[in-house]
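# Observations on chain architecture
Residues per chain, in single letters:
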Number of protein chains: 2
Amino acid sequence: MRFLSETSADGVREQIFSLDVASGELPGVLWTPDGATGPRPLILLGHGGGQHKKAPAMLARAHRFVTGGGFAVAAVDVPGHGDRPTDPEFDRIATENQARVEAGADLASVIAEFQALVARRTVPEWSAALDALSLVEHVGAGPVGYWGVSLGCGLGVPFVAAEPRVRAAVLGLGGALASADEARRITVPVEFLLQWDDERVPREQALALYDAFGSTEKSLHANPGPHAAILPSYELDSNLHFFLRHLL
Amino acid sequence: MRFLSETSADGVREQIFSLDVASGELPGVLWTPDGATGPRPLILLGHGGGQHKKAPAMLARAHRFVTGGGFAVAAVDVPGHGDRPTDPEFDRIATENQARVEAGADLASVIAEFQALVARRTVPEWSAALDALSLVEHVGAGPVGYWGVSLGCGLGVPFVAAEPRVRAAVLGLGGALASADEARRITVPVEFLLQWDDERVPREQALALYDAFGSTEKSLHANPGPHAAILPSYELDSNLHFFLRHLL
């Protein structure tokens, strides 16, 4: 892991890093409280489709978790996103999927299949990021939380199911089509966000994903609005309290 | 309104009162911060079926809202409950309903019909309680919140729909059968609690009630467990923050 740059704003230190992984260079970012030393719980953020590790909503979320809970927060780019090169295989599949949807294939099924395919690469990448971050002095090998909605849920469910270091997860805006089996293997506390008027994830699919989680503690939070609406600020407050309860 | 007794515990002043209403004497209780003077927002609590104004969960909730937010909190007994005489008409209907259920009638429908019947009495009683409490020096005529689940939701939906002084409501463990029309008339912020394994309120009926609320801000919070499970403590925290956002 190489740190490439460092800046600070509003009490938050931001370090851009790069990590060698099997599939090449993994670009990432680490946020911690200014001046922090020693271990602290880490929250890994998964970004949405077409977004990247430093998209505005990601930055806002990271700052809230760092300043509100003293957490370390990290994010990496998904293949084909952010500072990563376009991926010819994924591009080809995306083009084929577009044609399938135009030919009448079910959008939710096509998205779910694609996310399951991408997850085969991101699950080991994100575990490699946890390995590297655990060796950073101001992060350490403490408990890990995961936050991801939409694509960050499609990739997050198999990650949380596979990664025993994750002790609590905020997921949402995703459905059961791709990942019901992995969801059943998740037993850590889950806060699950659902947009009641989601035009991309059928409501019954989202409810079925919530239903599938094997967790004893799992809360479903639904709010009105479409898939890409800005989540209510009180949900971010709730996410923070959720992580404070389970990671501290 | 006559105050009958006063005690204090853990920073909370508790005053038992009685109010003359059309249907007789309405027994109630008012909780406020010890030593409080002047107006403050009021939260009216509706109790569950077979419960009463001072049931343990009601007391715990009242104390949390008083000490956590400086609110005034009040509750009154539903007809046939607590310190109120048994009601021959309701007893007769309850017996008939029991026979209907044993003969195969749908339990949720029977409960819903009965709650709608009781609401015709409780809506004016609770508005009369707000009138009287608004004249109490340490309560005043400020904004009002409502909290009620199960029977407290079945009676609460028509009350919140009818009572413009209510600015925010926590409801839950109820279905759309009895009160979808009233729910559509509710436009204040709602936090709606749902038990995912509720054996008394079919899940689709509860989701339909959430769907029916006319509010721009409405959040559905679902958690695993049966109808009568103790609600997670983090939901009470969430309810407190919800009232702080909307009543202060």
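Residues numbered from 1 in each chain as written. Chains lettered and ligands numbered in written order. Predicted model: local features only at pLDDT ≥ 70, side-chain atom pairs only at ≥ 80, totals over all residues. Heavy atoms only, no water.

### A word on the interface of chain A and chain B
Defined as follows: Contacts are residue-level and defined by heavy atoms, with any inter-residue pair within 4.5 Å sufficient. Salt bridge, as used here, is a side-chain nitrogen of Lys or Arg placed within 4 Å of a carboxyl oxygen of Asp or Glu. Here a polar contact is taken to be a pair of N or O atoms separated by no more than 3.5 Å, where protein atoms must pair a possible hydrogen donor with a possible acceptor and residues adjacent in sequence count only if both atoms sit in side chains. For helices the rule is a DSSP run of H or I covering at least 4 residues; for strands it is a run of E covering at least 2, with both sets numbered from the N terminus onward. Three classes are used: nonpolar for Ala, Val, Leu, Ile, Met, Phe, Trp, Tyr, Cys and Pro, charged for Asp, Glu, Lys and Arg, and polar for all others, with Gly counted as polar. At least two DSSP bridges between two strands are needed for those strands to be called paired.
The partner chain B presents 18 residues to the 18 residues of chain A that form the contact. At the junction of chain A and chain B, the tally comes to two salt bridges. Residue arginine 203 of chain A is joined to aspartate 211 of chain B by a salt bridge in which the shortest nitrogen-to-oxygen separation is 4.0 Å. Linking chain A with chain B are ten residue pairs in polar contact (both at pLDDT 80 or more), by the criterion used here. The element that contributes the greatest number of residues to the side of chain A that touches chain B is strand β9 (residues 218–223) of chain A, accounting for six residues. Partitioning the side of chain A that touches chain B into residue classes produces seven nonpolar, five polar and six charged. With three bridges joining them, β9 of chain A and strand β9 (residues 218–223) of chain B adopt antiparallel strand pairing. Bridging from a neighbouring strand, leucine 220 of chain A pairs with alanine 222 of chain B of β9 of chain B.

### Digging into the nonpolar core
Defined as follows: As used here, the term nonpolar core means buried Ala, Val, Leu, Ile, Met, Phe, Trp, Tyr and Cys residues forming a set that is joined through side-chain atoms within 4.5 Å. Classification of residues uses two cut-offs on accessible area relative to the type maximum, computed with a 1.4 Å probe and protein chains only: under 20% is buried, over 50% is exposed, and between them is partly exposed.
Ranked by internal contacts, the top residues of the largest apolar core, which has 103 residues, are Phe192 of chain A together with Phe192 of chain B. Not counting chain neighbours up to four residues away, the residues in contact with phenylalanine 192 of chain B comprise Cys153, Leu171, Gly172, Gly174, Ala206, Leu209, Tyr210, Phe213, Ser219, Leu220 and His221 of chain B. Val12, Trp31, Phe242 and Leu247 of chain B belong to the second largest nonpolar core, which has 25 residues in total.

### Remarks on the packing of aromatic side chains
Basically, it comes down to this: Aromatic pairing here means that ring centres of Phe, Tyr or Trp (its six-membered ring) are within 6.5 Å. Orientation follows from the plane angle: under 30 degrees is stacked, over 60 is edge-to-face, and everything else is tilted. Only when the NZ of Lys or the CZ of Arg is both within 6 Å of the ring centre and within 35 degrees of the ring normal is a charge said to sit over the ring.
Inspection of the entire model under this criterion finds 20 aromatic pairs over all chains. Ring geometry for phenylalanine 3 of chain A against phenylalanine 17 of chain A: centres 6.3 Å apart, planes inclined by 80 degrees, an arrangement best described as edge-to-face. Here phenylalanine 3 of chain A is found in strand β1 (residues 2–9), whereas its partner phenylalanine 17 of chain A is found in strand β2 (residues 12–21), with 14 residues between them in sequence. Judged by its relative accessible area of 36%, phenylalanine 3 of chain A is partly exposed. Residue phenylalanine 17 of chain A is classed as buried on the basis of its relative accessible area, which comes to 1%. Judged by centre distance (5.6 Å) and plane angle (25 degrees), the rings of tryptophan 126 of chain A and tyrosine 146 of chain A are stacked. On the criterion of sequence distance, the pair formed by tryptophan 126 of chain A in helix α3 (residues 107–134) and tyrosine 146 of chain A in strand β6 (residues 144–149) is long-range, its members being 20 residues apart. The class for tyrosine 146 of chain A is buried, based on a relative accessible area of 0%. Among the aromatic residues, those joined into a ring-pair cluster are Phe192, Tyr210 and Phe213 of chain A together with Trp196 of chain B. Sitting over the face of the ring of tyrosine 210 of chain A, lysine 218 of chain A holds its NZ or CZ atom 5.0 Å from the ring centroid.

### Observations concerning the relation of the copies chain A and chain B
Applied cut-off: Least squares is the method used to superpose the copies, on C-alpha atoms of residues holding a pLDDT of at least 70 in both.
For these two chains of identical sequence, chain A goes onto chain B by a turn of 180 degrees and a shift of 0.0 Å along the axis, with RMSD 0.0 Å. Both copies are brought into coincidence by an operation consistent with a two-fold rotation axis. If distances are taken from each C-alpha of chain A to the rotation axis, the shortest is found for histidine 221 of chain A, at 2.4 Å. Counting the interface residues of chain A, we find that 100% of their copies in chain B are interface residues as well, pointing to one common contact surface.

### Re the pattern of salt bridges
Residue and element names in this part refer to chain A. Under the criterion given, the structure shown has 32 salt bridges over all chains. Note that glutamate 163 is salt-bridged to arginine 165, the shortest N-O span being 2.9 Å. Judged by its relative accessible area of 6%, glutamate 163 is buried. Judged by its relative accessible area of 27%, arginine 165 falls in the partly exposed class. Salt bridges linked by common partners bring Lys53, Asp77 and Asp83 together as one network.

### Side note on helix α7 (residues 203–212) of chain A
Within α7 of chain A, burial applies to Ala206, Leu207, Leu209, Tyr210 and Ala212 of chain A. Elements in contact with the buried residues of α7 of chain A: α4 (151–154), α6 (176–185), β8 (190–195) and β9 of chain A together with α7 (203–212) and β9 of chain B.

### Thoughts on the pairing of strand β6 (residues 144–149) of chain B
All names here are of chain B. By the criterion of burial, β6 is predominantly enclosed, with six of the six residues buried. With burial as the criterion, each face of β6 is covered, one bearing Val144, Tyr146 and Gly148 and the other bearing Gly145, Trp147 and Val149. Note that strand β4 (residues 42–46) and β6 share five bridges and pair parallel. When the bridges of β6 are listed, isoleucine 43 appears paired with glycine 145. Pairing geometry for β6 and strand β7 (residues 166–172), over six bridges, is parallel.

### Some details on the environment of serine 5 of chain B
Residue and element names in this part refer to chain B. As for its position among the elements, serine 5 is in strand β1 (residues 2–9). Overall, the relative accessible area of 35% leaves serine 5 in the partly exposed class. Linking serine 5 and isoleucine 16, residues eleven residues apart in sequence, is a C-alpha distance of 5.3 Å. Dropping the residues within four chain positions of it, serine 5 is found in contact with Glu14, Gln15 and Ile16.

### A short note on the environment of arginine 61 of chain B
Residue and element names in this part refer to chain B. Among the secondary structure elements, arginine 61 is positioned in helix α1 (residues 56–69). We classify arginine 61 as buried; its relative accessible area is 12%. The residues touching arginine 61, leaving out its near neighbours within four places in the chain, are Leu45, Trp147 and Leu236.

### A few points about the pairing of strand β4 (residues 42–46) of chain A
Looking along a regular strand, one sees the side chains alternate between the two faces of the sheet. Residues and elements named next belong to chain A. Heads up, the condition is: Whether a crossover is right-handed comes down to one check: with the strands pointing away from the viewer, does the path from the first strand over the helix to the second run clockwise; if it does, it is right-handed.
With five of five residues buried, β4 is to be regarded as a mostly interior element. Alternating positions in β4 separate into two faces, Leu42, Leu44 and Gly46 on one and Ile43 and Leu45 on the other, with burial throughout. With four bridges joining them, β4 and strand β5 (residues 72–76) adopt parallel strand pairing. Paired with leucine 44 across the two strands is alanine 74, which belongs to β5. In this region the chain leaves β4, passes through helix α1 (residues 56–69) and returns to the parallel neighbour β5; the handedness of that crossover is right-handed.

### As for the environment of proline 143 of chain B
Residues and elements named next belong to chain B. Along the chain, the position of proline 143 falls in the loop between α3 (107–134) and β6. Considered as a pair, proline 143 and glutamate 125 are 18 residues apart in the sequence and their alpha carbons are 18 Å apart. With residues up to four places along the chain from it excluded, the contact list for proline 143 reads Pro41, Leu42, Arg165, Arg167 and Leu247.

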